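Summary of the model geometry
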Amino acid sequence: MPIWITYAVLIMTVVVIGIVVLVPAVTISRGGKILAFLALFVFPLLAVALGYQHHMDRATQTSFCLSCHVMEPYGRSLHVDDPSWLPAAHYQNHRVPHDEACYTCHTDYVMYGTIKSKWRGLHHVYVQYFGNPKPPLHLYVAYNNRECLHCHLGARSFEQGTTHTADPEIMADIKSNKMSCLTSGCHDQVHNTTKLNEVKYWEGPQAQ
């Protein structure tokens, strides 16, 4: 939904509340009471609902994640010219949407995953303005293969990959999260922000 609709509802809410507060006599009539009810209950709730949806959508954007100074190195890591760097390979080859790159890989793909991710995001915002974030940053919990399998499960490159099929137990352990996709020797080159001054960069579209 276009953001201007949210702003229009918000402005209308403020105007109607202002009328009710400045001219309380309007509430004497039945129409005035309805207007007061709309001003004090319906319009504010509508404005909050529309604003909530807009900001929830905004929080999925790569540009939103990278708007915090401490996240700038993670944005740079998406442009490392080395296919062994997992985020860079996904971003540069459109395995994840450019506009939602961070959200795609860092959302828990379970029933309340999106809500949990957004709550963690709010904590990040709090620390950004009121705390002292110190790089390198760390995940709250170990990365779950579930987030990888959300896209890769069933894909030919995954299901028939030489390493994955070398031993039936390997595939079983990956799918059960017993063996992490980020295990040393597998896909262990992730953001590696401490090495960003030692690598070459791909001259492609910048992270948005």
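Notes on the structure in this doc start here. Residue numbering note: each chain is counted from 1, following its sequence as written. Given that the model is predicted, a residue must reach a pLDDT of at least 70 before its local features are reported, and side-chain atom pairs must reach 80 or more before they are shown or counted; all residues, however, enter totals for whole chains, interfaces and linings. Remark: hydrogens and water are excluded; side-chain values derive from all non-hydrogen atoms of the structure.

Time to look at the overall build of the protein. Comment: elements are numbered from the N terminus, with helices defined as DSSP H or I runs of at least four residues and strands as E runs of at least two. On a plain count of helices and strands, the protein comes out with 10 helices and zero strands. Each radius of gyration reported is based on C-alpha atoms, and the globular scaling rule is 2.2 Å times the count of residues to the power 0.38. The C-alpha radius of gyration of the protein comes to 24 Å, more than 25% above the 17 Å expected for a compact globule of 208 residues. If you line up the protein on its principal axes, its C-alpha atoms span 80 × 40 × 30 Å. The long-range share in the protein, meaning contacts at least 24 apart out of those at least 6 apart in sequence, stands at 62%. Computed with a 1.4 Å probe, the accessible areas rest on the Shrake-Rupley method; for each residue, only the protein chains presented here act as cover. For the protein, the accessible surface area stands at approximately 13,900 Å², while carbon and sulfur atoms represent 64% of it. Note on charges: Lys and Arg go in the positive column, Asp and Glu in the negative column, and His and the chain ends are not counted at all. The atom standing in for a charge is NZ when the residue is Lys, CZ when it is Arg, CG when it is Asp and CD when it is Glu. A gap of 11 Å separates the mean positions of the 15 positive and 15 negative side-chain charges of the protein. In this analysis, two residues are considered to be in contact whenever any of their non-hydrogen atoms come within 4.5 Å of each other.

To continue, consider helix 2 (residues 30–58). Compared with an ideal rise of 1.5 Å per residue, which puts 29 residues at 42 Å, helix 2 spans 40 Å between its outermost C-alpha atoms and is within 8% of the ideal. The angle separating two fitted axes, one through the seven residues that finish at a residue and one through the seven that start at it, defines the bend at that residue. Of all the bends in helix 2, the largest measures some 45 degrees and sits at Leu38. Exposure classes here rest on a 1.4 Å probe applied to the protein chains alone. A residue is buried below 20% of its type maximum, exposed above 50%, and partly exposed in between. Listed in full, the buried residues belonging to helix 2 are Gly32, Ala36, Ala39, Phe43, Ala47, Leu50, Gly51 and Met56. Where the residues of helix 2 are buried, they touch helix 1 (3–22) and helix 7 (113–130). By this rule the span expected of a helix is its residue count minus one, scaled by 1.5 Å.

A word on the environment of Leu86. Among the secondary structure elements, Leu86 is positioned in helix 5 (residues 86–92). The spacing of Leu86 and Gly113 is 27 residues in sequence and 22 Å in space, taken between C-alpha atoms. Beyond its immediate stretch of four places on either side in the chain, Leu86 contacts Leu182, His187, Gln189 and Val190.

Moving on, we get to the packing of aromatic side chains. Pairing of aromatic rings covers Phe, Tyr and Trp, the last through its six-membered ring, and needs centres within 6.5 Å; plane angles under 30 degrees mean stacked, over 60 mean edge-to-face, and all others mean tilted. Counted by the stated rule, this structure contains two aromatic pairs. Measuring from centroid to centroid gives 5.4 Å for Phe37 and Phe41, while their planes differ by 35 degrees, and the two rings are tilted. Of this pair, Phe37 and Phe41 both sit in helix 2, four residues apart, roughly one helical turn. Phe37 gets classed as partly exposed once you look at its relative accessible area, which sits at 46%. Summarising the aromatic geometry, the rings of Tyr126 and Phe130 are spaced 5.4 Å apart at their centres and angled 35 degrees between planes, so their arrangement reads as tilted. You can see Tyr126 and its partner Phe130 sitting in helix 7, four residues apart, about one turn around the helix.

Here, axes are lines fitted to C-alpha atoms. For helices the fit covers the stretch in contact, and angles between N-to-C directions go from 0 to 180 degrees. Interaxial distance between helix 1 and helix 2 falls to 9 Å at its minimum, and their mutual angle equals 155 degrees. Comparing their axes, helix 2 and helix 1 come out roughly antiparallel. In terms of crossing hand, the pair formed by helix 1 and helix 2 is left-handed. On helix 2, the residues that touch Ile3, Ile5, Thr6, Val9, Leu10, Met12, Thr13, Val16, Ile17 and Val20 of helix 1 are Leu35, Ala36, Ala39, Phe43, Pro44, Leu46, Ala47, Leu50, Gly51 and His54. Across the contact of helix 1 with helix 2, the residue classes break down as 16 nonpolar, four polar and no charged. By definition in this entry, angles of less than 35 degrees are roughly parallel, angles greater than 145 are roughly antiparallel, angles of 65 to 115 are roughly perpendicular, and the rest are oblique. Should the near helix be turned anticlockwise from the far one by less than a right angle, the crossing is termed left-handed; should it be turned clockwise, right-handed. Gly is placed with the polar residues, together with every amino acid not listed as nonpolar (Ala, Val, Leu, Ile, Met, Phe, Trp, Tyr, Cys and Pro) or charged (Asp, Glu, Lys and Arg).

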